[in-house]
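Examining the three-dimensional arrangement
Here is how the chains run, residue by residue.
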Amino acid sequence: MEYIGEHLLIGKVGNVFVILSFVFALIASISYFFAARDNEEAASWKRIARISFRVHGLSVIGVVATLFIMLQNHYFEYEYVWHHSNKEMPMRYILSCFWEGQEGSFLLWSFWHVILGFILQRTSKNWEAPVMATISIVQAFLASMLLGIFVFEYRIGSNPFTVLLRQHPDFANIPLFDNPNYLEKLDGRGLNPLLQNYWMTIHPPTLFLGFALTVVPFAYAIAGLWKKQFSEWLKPALPWTFFGIMVLGTGVLMGGAWAYEALSFGGFWAWDPVENASLVPWLTLVGAGHVMLISRNNPQSLFITFLLSILSFILILYSTFLTRSGILGESSVHAFTDLGMSGQLLIYLFFFLILGVVLITINFKHFPKQKEEEGIWSREFWMFIGAVVLLVSSFQIMFYTSMPVWNKLFNLNKAPAKDVIDFYNTWQLPFAFLVTLLIAVGQYFKYKNTDIKFFVKKISLSFISALLISAIMGYFLNFSKLFYYLLLFSSIFAVAANADYMIRILKGNVKKAGASVSHIGFALILLGALISTSKKDIISQNSSGRSIESLGDKMSNNDNILLTQGDTLPMGKYFVTYTGKRFEGINIYFDVIYFSKNTDGSFKKEFSLAPLVQTNPRMGNVAEPDTRHFLTFDVYTHVTYADLESLKEKKAETKDEYSLAKNYTLKKGDTIYSSNAIIIFDSLSTSFDKTPYNLEKDDIAVMAHLRVLDVTKKHQAKPLFVIHNNMIQPIGSKVDELGLQFMFWKLNPKDGNIEISVQEKKENVRDFIVMQAMIFPYINVLWIGCIIMVIGTVLAILERLKRSSN
């Protein structure tokens with residue numbers, strides 16, 4: 001069959017670019033390898049290598065452009081375009097479609113390597129050949145991830161240009177594809193609802209640039225070992241390392257901001273395996289950057305410098321394996337499914353792991369030795385200790401994050417902790433305390449040795465200030481754990497000590513204060529995280545009088561409130577009213593107004609929030625929170641249960657219908673509730689006028705007297721329990737004004753209990769939602785810390801670049 005309208009040429013062009021990128025990355029790596037040998041032919045090999053890498057880079061850019069054109073034009077004949085986009089999706093999310101899949105994210109990673117490679121070709125000078133040899137072979141591995149070819153029945157890579165009806169034969173059996181013009185009716189599967197958020201257009205490229213930047217200190221470290229220039233590589237690698245620290249750290253923090261604004265777990269960090277897999281390389285890269293500073297003059301730290309520089313990149317590769325092999329499929333909402341590349345990812349990982357281990361092992365005995373041990377009061381010693389603390393912290397996180405790997409390798413069945421957040425927090429709090437303590441005192445130590453009296457004199461003011469401030473704050477915060485108090489003190493101490501260092505030691509010279517500023521930012525991040533999470537207050541206790549626990553196993557009246565449209569209920573220090581829902585495209589917004597109560601009993605509107613549910617029939621609906629930001633706290637809300645249909649349409653369809661009956665067992669004086677009334681069982685009687693009911697002389701009849709109260713009026717309902725010819729034949733009673741109907745089904749003569757059923761007209765049922773709301777106190781301290789840390793790192797990078805040029 002010849003299909004109409006397929007755009008097959010552009011896919012062929014994309015495949016040509018994929019092949020060119022792989023072939024020329026290999027050529028560049030081989031050529032740079034020979035260029036690094038510094039013989040007579042080195043210059044010729046370098047020219048070949050440069051041209052090859054540029055062709056490779058242009059080919060990668062060609063692949064990127066081709067895939068963007070296909071996504072932009074909805075070429076759904078291609079599986080990648082069909083799988084990750086559709087016509088309904090706003091075009092502003094086209095970037096998210098690009099990197100949602102494995103192929104797109106590998107391509108994004110490779111693109112950043114290309115940009116870094118182009119820069120390094122022009123700036124790395126004598127280091128170009130050995131550094132670019134490493135980056136080129138990394139690129140060859142990444143390019144192989146897009147090949148999608150079979151070698152001896154083993155598939156190498158996953159190609160983004162496969163055609164639905166050619167490389168995916170399962171689609172051929174779908175009746176739609178019997179039509180030659182199937183593209184006229186074909187729409188895509190669509191973008192994951194979680195990624196339809198503005199953070200997902202900036203977070204992944206930032207994070208992947210951070211991933212890519214780890215290859216630069218890795219390549220310099222490999223080059224230093226290869227060329228046996230064990231200290232010389234540190235100077236050109238340092239600015240790149242701190243640039244990587246800044247970008248990767250920003251990417252990780254952006255992920256936290258996305259989780260806070262778009263996910264409904266109630267926070268900014270859940271210790272999800274994929275979150276951990278990006279955090280750990282950042283921690284080791286921070287350690288690498290700091291030991292690089294001391295290794296220039298202290299060869300004793302060279303081993304850990306090489307270790308952390310190489311390990312940061314290896315951990316990026318390991319995190320790639322974790323997130324893309326499918327092994328985390330059941331333990332992370334972020335992980336990709338397995339596309340059959342697990343073996344290829346492991347080869348990628350072990351190639352560079354073995355390369356690093358072999359080079360360190362071969363060269364270890366040649367590392368220059370320090371004649372004198374560094375003093376305990378030297379800056380080098382405590383920076384080294386800080387790097388070790390970060391390394392141990394990283395090991396703990398990655399070890400437990402890798403539990404699915406250990407289960408598979410050793411045939412174990414270890415389950416993750418029931419409360420993952422509390423588990424990791426308990427382990428990481430001591431490390432956070434030590435790190436903040438070290439960044440408080442570190443800069444007051446001098447290189448080689450420090451006069452202890454000088455140290456005490458300089459640090460005492462910030463120490464005493466921090467002690468007093470943390471004691472006062474700790475009293476009011478009333479923490480439940482000792483390490484909370486310790487981290488409170490050490491964070492405040494770090495802020496005070498680094499601010500004091502800037503003012504008194506650096507004399508306010510901001511250009512040289514990059515380290516102090518970034519340390520202040522990091523300490524504020526931990527301080528904000530500590531207070532906002534430990535003192536998080538769930539204010540949505542259910543005060544509606546109607547239990548929600550029947551709506552699901554995870555529904556609790558202790559942390560969810562049921563809001564019926566039009567009702568006003570107390571919630572924390574507020575009163576809240578649910579006013580209704582709005583339908584805007586695929587989003588359903590639930591409008592909730594927050595009031596405060598005046599002294600005269602009247603209500604004053606404070607603000608409105610509209611948490612939403614993004615509907616997606618194919619992938620499932622996703623609740624997104626809405627947050628009101630104040631200077632000292634946030635009010636964070638999300639919907640945990642809602643009827644997603646239009647209530648007006650339902651009422652029109654069911655105007656005269658009653659809902660299913662609800663049965664109740666009552667004794668005299670008991671109260672039950674409908675959606676619009678309070679119902680009280682007052683009494684029973686047998687003496688009443690039976691004429692209106694057409695009862696026969698021998699019939700036994702008992703009347704239940706029910707008081708039915710709405711907001712403005714009292715009503716009566718009098719259902720009958722009737723026995724006629726030894727058969728129960730109850731006679732119902734209606735309250736038409738409220739749309740209620742009662743049936744008296746059973747009477748227990750011994751205790752006077754009765755059983756009645758209540759039915760409501762469906763048109764009477766008011767819309768309701770179940771909502772969770774919480775207060776995050778002082779969370780702005782965390783976000784301010786993020787900004788300050790990035791600014792400080794930029795200042796540090798600029799200072800390093802200035803020193804490198806001198």
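Numbers given for residues are sequential positions, taken from 1 along each chain in its written order. Predicted model: local features are reported for residues with pLDDT of at least 70 only, side-chain atom pairs are reported and counted for 80 or more only, and whole-chain, interface and lining totals are derived from all residues. Side-chain numbers come from the whole structure's heavy atoms, not from hydrogens or water.

1. Re the domain arrangement of the chain
Per the domain assignment, the segments making up the chain are domain 1 (1-196), domain 2 (234-416), domain 3 (417-535 + 778-806), domain 4 (558-643 + 768-777) and domain 5 (662-764). In this document the domain limits rely on a domain assignment from an automatic tool or a database. Here the C-alpha centroids of domain 1 and domain 3 sit 43 Å apart.

2. Notes on helix H5 (residues 102-123)
The end-to-end C-alpha distance of H5 is 32 Å, a good match for the 32 Å that 22 residues give at a rise of 1.5 Å each. With 16 of 22 residues buried, H5 is to be regarded as a mostly interior element. Helix and strand assignments come from DSSP, with helices taken as H or I runs of at least 4 residues and strands as E runs of at least 2, each series counted from the N terminus. Just downstream of H5 lies Lys-125, where phi reads positive at about 55°. A helix is expected to span 1.5 Å multiplied by its residue count minus one. Exposure is judged per residue with a 1.4 Å probe applied to protein chains only, and the accessible area is read against the type maximum: over 50% gives exposed, under 20% gives buried, and values in between give partly exposed.

3. Considerations on the nonpolar core
As used here, the term nonpolar core means buried Ala, Val, Leu, Ile, Met, Phe, Trp, Tyr and Cys residues forming a set that is joined through side-chain atoms within 4.5 Å. Grouped together as the largest cluster of nonpolar side chains are 185 residues, with contacts concentrated most on Trp-109, Tyr-220, Trp-233, Trp-282, Phe-306, Tyr-348 and Phe-352. The greatest single-element share of this core, amounting to 16 residues, is contributed by helix H10 (residues 234-262). Sequence-distant contacts of Phe-306, that is, excluding residues within four places in its chain, are made with Ala-221, Leu-225, Phe-230, Trp-233, Ile-360 and Phe-367. Core analysis: the second largest hydrophobic core is formed by 24 residues, Val-592, Val-613, Ile-769 and Met-771 among them. In what follows, residue pairs with any heavy atoms lying within 4.5 Å of each other are defined as contacts.

4. Some points on the side chain of His-203
By the secondary structure assignment, His-203 is in helix H8 (residues 199-213). Overall, His-203 belongs to the buried group, its relative accessible area being 11%. Apart from the residues lying within four places of it in its own chain, the contact partners of His-203 are Gly-251, Met-254 and Gly-255.

5. A look at helix H17 (residues 452-477)
The end-to-end C-alpha distance of H17, which contains 26 residues, comes to 35 Å, matching closely the 38 Å that a straight helix rising 1.5 Å per residue would cover. Buried within H17 are the following residues: Phe-455, Lys-458, Ile-459, Ser-462, Ala-466, Ser-470, Gly-474 and Leu-477. Summarising the contacts, the buried residues of H17 are in contact with helix H16 (420-441), helix H18 (482-505) and helix H19 (514-534). Capping of H17 at its N-terminal end is provided by Asp-451; its side-chain oxygen lies 3.1 Å from the backbone amide nitrogen of Lys-453. N or O atoms closer than or at 3.5 Å make up a polar contact, with two conditions inside protein: a donor-capable atom paired with an acceptor-capable one, and, for residues adjacent in sequence, both atoms drawn from side chains.

6. A few points about the packing of helix H2 (residues 42-72) against H5
A fitted line through C-alpha atoms represents every axis, and for helices the fit uses only the stretch in contact; the resulting angles, taken between N-to-C directions, go from 0 to 180 degrees. In the contact formed by H2 and H5, the axes pass within 10 Å of each other and the chain directions differ by 145°. In the packing of H2 onto H5, the handedness of the crossing is left-handed. On the side of H2, the interface is formed by Ala-49, Arg-50, Phe-53, Arg-54, His-56, Gly-57, Leu-58, Val-60, Ile-61, Val-63, Val-64 and Leu-67, while H5 contributes Leu-107, Ser-110, Phe-111, His-113, Val-114, Gly-117, Phe-118 and Gln-121. Amino acids are sorted into nonpolar (Ala, Val, Leu, Ile, Met, Phe, Trp, Tyr, Cys and Pro), charged (Asp, Glu, Lys and Arg) and polar (every other residue, Gly among them). Considering only residue class, the contact of H2 with H5 consists of twelve nonpolar, six polar and two charged. Crossing handedness follows the turn of the near helix against the far one: under a right angle anticlockwise gives a left-handed crossing, and clockwise gives a right-handed one.

7. Points about the pairing of strand S18 (residues 720-724)
Two faces belong to every sheet, and in a regular strand the side chains alternate between them. When you tally the buried positions in S18, you get four out of five residues, the bulk of the element. A pair of strands is treated as paired once DSSP finds two or more bridges between them. Looking at chain direction, strand S16 (residues 700-709) and S18 are connected through four bridges and run antiparallel. Among the inter-strand pairings, Val-702 is bridged to a residue of S18, identified as Phe-721. In terms of strand pairing, S18 meets strand S19 (residues 727-728) through two bridges, oriented antiparallel. Paired with Ile-723 across the bridge in S19 is Ile-728. Remark: two residues form the turn of the hairpin made by S18 and S19, two consecutive strands paired antiparallel; Asn-725 in that turn has positive phi of roughly 55°.

8. Let's talk about the pattern of salt bridges
The rule for a salt bridge is simple: a side-chain nitrogen of Lys or Arg has to be within 4 Å of a carboxyl oxygen of Asp or Glu. A full pass over the atoms with the stated rule returns ten salt bridges. The salt bridge partner of Lys-481 is Asp-422, with a shortest N-O separation of 3.0 Å. Of this pair, Lys-481 sits in the loop between H17 and H18 while Asp-422 sits in helix H16, placing them 59 residues apart in sequence. Assessed through its relative accessible area of 31%, Lys-481 is described here as partly exposed. Linking Lys-713 and Glu-737 is a salt bridge whose minimum nitrogen-to-oxygen distance equals 3.3 Å.

9. Quick look at the environment of Tyr-501
Structurally, Tyr-501 is set in helix H18. According to the relative accessible area criterion, Tyr-501 is buried, its value standing at 11%. The sequence separation of Tyr-501 and Ile-459 amounts to 42 residues, and the corresponding C-alpha distance is 8.9 Å. Leaving out residues up to four positions away in the same chain, Tyr-501 has contacts with Arg-379, Gln-443, Tyr-444, Leu-506 and Ser-516.

10. Regarding the sheet that holds strand S20 (residues 733-735)
Read across the sheet, four strands follow the order S13-S22-S21-S20 without closing on themselves; strand pairing throughout is antiparallel. Looking at the sheet topology across the chains shown, the edges are occupied by strand S13 (662-666) and S20. Averaged over all adjacent pairs, the angle separating strand axes in this sheet is 25°, with direction ignored. With five bridges joining them, S13 and strand S22 (residues 754-760) adopt antiparallel strand pairing.

11. Concerning the environment of Ile-156
The topology assignment puts Ile-156 in strand S2 (residues 154-156). The class for Ile-156 is partly exposed, based on a relative accessible area of 22%. Distance from Ile-156 to Gly-343, taken between C-alpha atoms, is 9.4 Å for residues 187 residues apart in sequence. In contact with Ile-156, not counting residues within four places along its chain, are Ser-144, Leu-147, Gly-148, Ile-149, Val-151 and Gln-344.

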